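# Fold and contact review
Listed below, chain by chain, are the residues.
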Amino acid sequence: MPVGDKKMIDFKKELNPAQYEAATNPQGPVLVIAGAGSGKTRTIVYRLAWLVEQGIPPESILLMTFTRKAAQEMLTRTEQILGRPLHGTNGGTFHSFAFSILRQNSAEIGFPNGFTLMDRGDCEDVIREVKSNFGFGQKDRSYPKKATLLDMVTKSRNKEVSIDFLLNSEAFHLACYGQEMEQISDGYAIYKKQHGLMDYDDLLFYLEELLSKDEFLRNSLRSRFQYIMVDEYQDTNLVQARIVQHLAGKNGNIMAVGDDAQSIYSFRGADVTNILKFPEIFNDVKIVRLEQNYRSTQPILDITNAILDGAANKFDKKLFTEKTWGKKPQLMIPLSDFSQSTRILDRIIELQKRHGPEEVAVLFRAGYQSYGLEVALKRLGVGYKKYGGLKFNEAAHIKDVLSFLRLVSNPADIIAWQRCLGHIKGVGPKTAQKIANTVISGDINAINKYTQKYSLLKDILADIDGLREKRSSPATSLEVVIPLYTPILVATYPDDYPRREAGLDQLLQIANNYTDLDSFLADMCLDPDQHREEAAQENVLTLSTIHSAKGLEWNAVIIIDLVEDRFPSRKSMHKPLEYEEERRLLYVACTRAKEELILSAPASLYRKNSDFNEPAVPSPFIRELDNYLFDELHESYSGGMNKQQIAAVPSFDTTPRNADSTPNKKNSSAQKLGHCTHKIFGRGKIIDKVDPNKLKINFPGFGVKVIVEDFVELL
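Residues numbered from 1 in each chain as written. Predicted model: local features only at pLDDT ≥ 70, side-chain atom pairs only at ≥ 80, totals over all residues. Heavy atoms only, no water.

### Brief notes about helix H23 (residues 474-492)
For the record, the criterion: Two axes enter the bend calculation: one fitted to the seven residues ending at the residue in question, the other to the seven starting there, and the bend is the angle between them. Numbering of helices and strands runs from the N terminus; a helix is a DSSP stretch of H or I covering at least four residues, while a strand is a stretch of E covering at least two. Per-residue accessibility, obtained with a 1.4 Å probe over protein chains only, is compared with the maximum for each type, and a residue is labelled buried under 20%, exposed over 50%, and partly exposed between these values.
Where H23 bends most, at Tyr485, the angle is about 40 degrees, and the proline Pro487 comes one to four residues later. Listing the buried residues of H23 in full gives Pro474, Ala475, Ser477, Leu478, Val481, Ile482, Leu484, Tyr485, Ile488 and Leu489.

Here you go:
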């Protein structure tokens, strides 16, 4: 029906009972806990329509989202179901709302002549100028780049922590620059104020300042926006939550829609406590849970529910669906992380036949974890697109190291020479060309002159000559090249070299499975034309980090590297808040699957500087699961996958979810035995009572221990 033809809406028919309850709540604060795939957007749209049908003026409704596209989509859909235009409704992002208010009240916040909003490029230029004015990093090539400096300033502001604290917790390799970064941050703030400039963070903090001190404006906005809705509330940061409080008041008609279990963006400043404490902040909050899922089959939802059961602090919910059919998720145990790539490739081919290439995705925690699979895909000619992290063969540091190996194989490779020599201080493109031609022609005298002038050149030539004489394997060659390249890596990529080092470890692992250098290089070096063809293709496999996959869905999803130190990451294993976010990350990954879900936990991992793989410990999130929730398959030594008759995963008691309206701060999956803490091993889950006074406890990062009950504190 075209917009303009008014129609009556049967809300009870269009919505399920929980959606209806949320959409038609008349007054007061409401928190809608919208499980994954539960029709969150539909609920918001019908809420807007219901308010208008009740005679609420559209201009008194405020809808805040995290993207303009989301807001526009909701408003357009509302107009379609109402059958008439929705003029006057304020829908947009927190930042766009802040801009509209500050522009009209700029003098009150110290900008009598107004202000100019800067984009990312402008902000980086200001940071560079401030750094230059302080004289920082003038002779230090490893000094953090302007983009990194801006990231640290912005992140510390959004998280509301000092830069020093931020560096020590997230970027320790840059901690030595902490004091100077603090000065740059202060200088950046002064520069903006002096020149009438604002960045996007300023919009939020100045709006909060204005609302907190201007009672007349605050009351005026409350009177104007009598109904407020906030989408994706779990992704709000601290200042955004305070803005909502100022606008709504303790008893206002505020509806927050979100899912604490999908709060996975703390690295951007999102704070899960905003949604968890919503019932404490506002008065008489009504909580509505959207638990009916319209995306996945019930076997997939059963395993996602079980993953959440172990959460320490959450709103209880149990996702269910009318799609009670479907396969159980599979837990694959490949022999190693290298054979994992081969076994996953086999599964990809099977799944693509059933669902089509575009309906299959492989998800992982960090971008480098797909490198081995990317090589296997390329070798078989399987096209793919990747979200989150560079493709393996596009990563600059991988290309750098491979260029050294290319020279071992072919001393006349002028392109490889230019790439290698370009990292020598004082050597530009023209000089690199001259040196390369000198080496290729074998002019000993000229080579000696260059090596005397550039000490690193001598080391490079010596290592390449040594590897050529010994005809070393790819892995041995890399063990020589990587130590040579490491100082170059640190100097060239000072801002993020630890992340890049993980990629080099993956390269070394891949190389261990080759004996011939030429074959290895042939598999590593991808034709640029193929890159363009894959980029243009839509009908291909998807590889994605989980953070980049949020909001997407596929018929079949494979999640790889579900072992300790990789998922959860080593850093988060001993940090409770980060550990819980990793659990939520796995929940988000699993709920991307509509029909088939495969989890992969390799039995062993390649370790650098080791001649053999080390046994891997399955992710604690996997170890917590009851074995009836999945089919477990182990890789045989002949290469196939065999189903286990009896899964070797400990079984845990489950109990019905707590129906309280407030977040559950205990583990609902272990209420009979529960959790405990130990002075050495930290927080653990009690699996069994062994003797009258002994407990069998699973400690993440340490495994299962039997401990006398007196030595633990029950939670």
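### As for the domain arrangement of the protein
Stated formally: In this document the domain limits rely on a domain assignment from an automatic tool or a database.
Segmenting the protein into domains produces domain 1 (11-103 + 203-292), domain 2 (116-195), domain 3 (308-391 + 535-643), domain 4 (392-526) and domain 5 (675-714). Here domain 1 and domain 5 have C-alpha centroids that lie 43 Å from each other.

### Some remarks on the side chain of Ser600
Cut-off, in case you're wondering: Two N or O atoms count as a polar contact when they lie within 3.5 Å, although within protein this holds only if one can serve as hydrogen donor and the other as acceptor, and sequence-adjacent residues are included solely when both atoms are side-chain atoms. Only heavy atoms matter for contacts: two residues are in contact if any of them lie within 4.5 Å across the pair.
Take Ser600: it is sitting in strand E14 (residues 593-600). Note on Ser600: relative accessible area 0%, which makes it buried. A distance of 2.8 Å separates a polar atom in the side chain of Ser600 from a polar atom in the side chain of Gln340. Excluding residues that lie within four positions of it along the chain, Ser600 makes contacts with Met332, Pro334, Gln340, Ile344, Ile559, Ile560, Asp561 and Leu562.

### Some remarks on the pairing of strand E17 (residues 631-635)
The line we're drawing: Strands are labelled as partners when DSSP assigns at least two bridges between them.
Examined bridge by bridge, strand E9 (residues 330-333) and E17 share 4 bridges and lie parallel to one another. What sits directly across from Met332, in E17, is Leu633. The turn joining E17 and strand E18 (residues 641-643), which pair antiparallel and follow one another in sequence, is formed by 5 residues; a positive phi near 110 degrees is taken by Gly639.

### With respect to the pattern of salt bridges
Convention followed: A pair is scored as a salt bridge if a Lys or Arg side-chain nitrogen falls within 4 Å of a carboxyl oxygen belonging to Asp or Glu.
Overall, the coordinates contain 43 salt bridges when judged by the stated rule. Taking the shortest distance from any N to any O, the salt bridge between Glu359 and Lys594 comes out at 4.0 Å. Pair noted here: Glu359 is in the loop between helix H16 (337-355) and strand E10 (360-364) and Lys594 is in strand E14, with a separation of 235 residues, a long-range link. In this pair, the class of Glu359 matches that of Lys594, namely buried. As a salt-bridge pair, Lys575 and Glu578 come within 4.0 Å of each other at their nearest N and O atoms. Given the relative accessible area of 31%, Lys575 is considered partly exposed. On the basis of relative accessibility, which here comes to 26%, the residue Glu578 falls in the partly exposed class. Among the ionic contacts, a cluster of salt bridges with common partners joins Lys40, Asp231, Glu232 and Lys550.

### So, the pairing of strand E3 (residues 90-93)
Spelled out, the test is: Call a crossover right-handed when, viewed with both strands pointing away from you, the route from the first strand across the helix to the second goes clockwise.
With 4 bridges connecting them, strand E2 (residues 61-65) and E3 associate as parallel partners. When the bridges of E3 are listed, Leu63 appears paired with Gly91. In this region the chain leaves E2, passes through helix H4 (residues 68-82) and returns to the parallel neighbour E3; the handedness of that crossover is right-handed.

### Notes on helix H24 (residues 497-511)
Inclusion rule: Here, expected helix span is obtained from the residue count minus one, scaled by 1.5 Å.
Between its terminal C-alpha atoms H24 stretches 21 Å, which fits the 21 Å expected from 15 residues at 1.5 Å a residue. For H24, a buried count of 11 out of 15 residues is recorded, marking the element as mostly surrounded by other parts of the structure. Every buried residue of H24 is listed here: Tyr497, Arg500, Ala502, Gly503, Leu504, Gln506, Leu507, Leu508, Gln509, Ile510 and Ala511.

### Let's talk about the packing of helix H18 (residues 396-409) against H24
Our working definition: With axes taken as lines fitted to C-alpha atoms, and helix axes fitted only over the stretch in contact, angles between N-to-C directions fall between 0 and 180 degrees. The cut-offs work like this: below 35 degrees is roughly parallel, past 145 is roughly antiparallel, 65 to 115 is roughly perpendicular, and the gaps in between are oblique. Left-handed describes a crossing in which the near helix is turned anticlockwise from the far one by less than a right angle; the clockwise case is right-handed.
Interaxial distance between H18 and H24 falls to 9 Å at its minimum, and their mutual angle equals 45 degrees. The pairing of H18 with H24 is recorded here as oblique in orientation. In terms of crossing hand, the pair formed by H18 and H24 is right-handed. Residue-level inspection shows Ala396, His397, Ile398, Val401 and Leu402 of H18 in contact with H24, the latter providing Arg500, Gly503, Leu504 and Leu507.

### Describing the sheet that holds strand E8 (residues 286-290)
Two pairing modes exist for strands in a sheet, parallel and antiparallel, and in both the strands are linked by backbone hydrogen bonds. Reading across the sheet, the 6 strands line up as E3-E2-E6-E7-E1-E8 and stay open at both edges, with parallel pairing between neighbours. Unpaired on one side and paired on the other, E3 and E8 mark the two borders of the sheet. The mean inter-strand angle of the sheet, taken between neighbouring strand axes irrespective of direction, is 15 degrees. Two elements, strand E1 (residues 30-34) and strand E7 (residues 253-258), share 4 bridges in a ladder whose sense is parallel. Looking at E7, one finds that Val32 is bridged to Val257. Helix-sheet contacts for helix H3 (residues 40-53) involve E1, E2, strand E6 (227-230), E7 and E8, and the interaxial angle to E6 is about 170 degrees.

### Description of the sheet that holds strand E11 (residues 384-387)
On the basis of which strands lie adjacent, the open sheet formed by 8 strands has the order E11-E12-E10-E13-E14-E9-E17-E18 and mixed pairing. Sheet topology places E11 and E18 at the edges, where each strand pairs with a single neighbour. Within the sheet, the average angular offset between the axes of one strand and its neighbour, ignoring direction, is 25 degrees. Taken strand by strand, H16 contacts E9, E10, strand E12 (541-545), strand E13 (554-559), E14, E17 and E18, and its axis lies near 165 degrees from that of E14.

### Focus on the environment of Ser455
Residue position: Ser455 is located in helix H22 (residues 455-470). Overall, the relative accessible area of 59% leaves Ser455 in the exposed class. Spatially, the C-alpha atoms of Ser455 and Ile424 are 8.9 Å apart, while their sequence positions differ by 31 residues.

### Some details on the side chain of Asn555
Inspection of the secondary structure assignment puts Asn555 in strand E13. On the basis of relative accessibility, which here comes to 13%, the residue Asn555 falls in the buried class. Looking at Asn555, its side chain comes within polar contact range of the side chain of Lys594, at 3.4 Å. If sequence neighbours within four positions are ignored, Asn555 has contacts with His355, Glu359, Lys594, Glu595 and Glu596.

### Details of the UniProt feature "binding site: ATP" (unreviewed entry) in the protein
Quick note on the threshold: UniProt positions are given in the numbering used here, feature names are shortened, and annotations may be inferred rather than shown by experiment.
Here, the residues flagged by UniProt with the feature "binding site: ATP" (unreviewed entry) are Ala34, Gly35, Ala36, Gly37, Ser38, Gly39, Lys40 and Thr41. As for its placement among the helices and strands, Gly39 is situated in the loop between E1 and H3. According to the relative accessible area criterion, Gly39 is partly exposed, its value standing at 22%. Those residues in contact with Gly39 that lie beyond four places of it in its chain are Gln19, Leu290 and Tyr294. Its location among the elements puts Thr41 in helix H3. Once residues within four sequence positions are removed from consideration, Thr41 is found in contact with Glu73, Met74 and Arg77.

### Regarding the nonpolar core
The line we're drawing: For our purposes a nonpolar core is just a set of buried Ala, Val, Leu, Ile, Met, Phe, Trp, Tyr and Cys residues, chained together by side-chain atoms within 4.5 Å.
Of all hydrophobic cores here, the largest spans 47 residues; its most connected members are Leu421, Leu478 and Phe520. At the level of secondary structure, the elements contributing two or more residues to this core comprise helix H17 (371-380), H18, helix H19 (414-421), helix H20 (429-441), H22, H23, H24 and helix H25 (517-524). Lining this core are residues from two domains, each supplying at least three of them: domain 3 (308-391 + 535-643) and domain 4 (392-526). Among residues more than four places away in sequence, those in contact with Phe520 are Leu402, Leu405, Pro474, Leu478, Leu507, Ile510, Ala511 and Tyr514.

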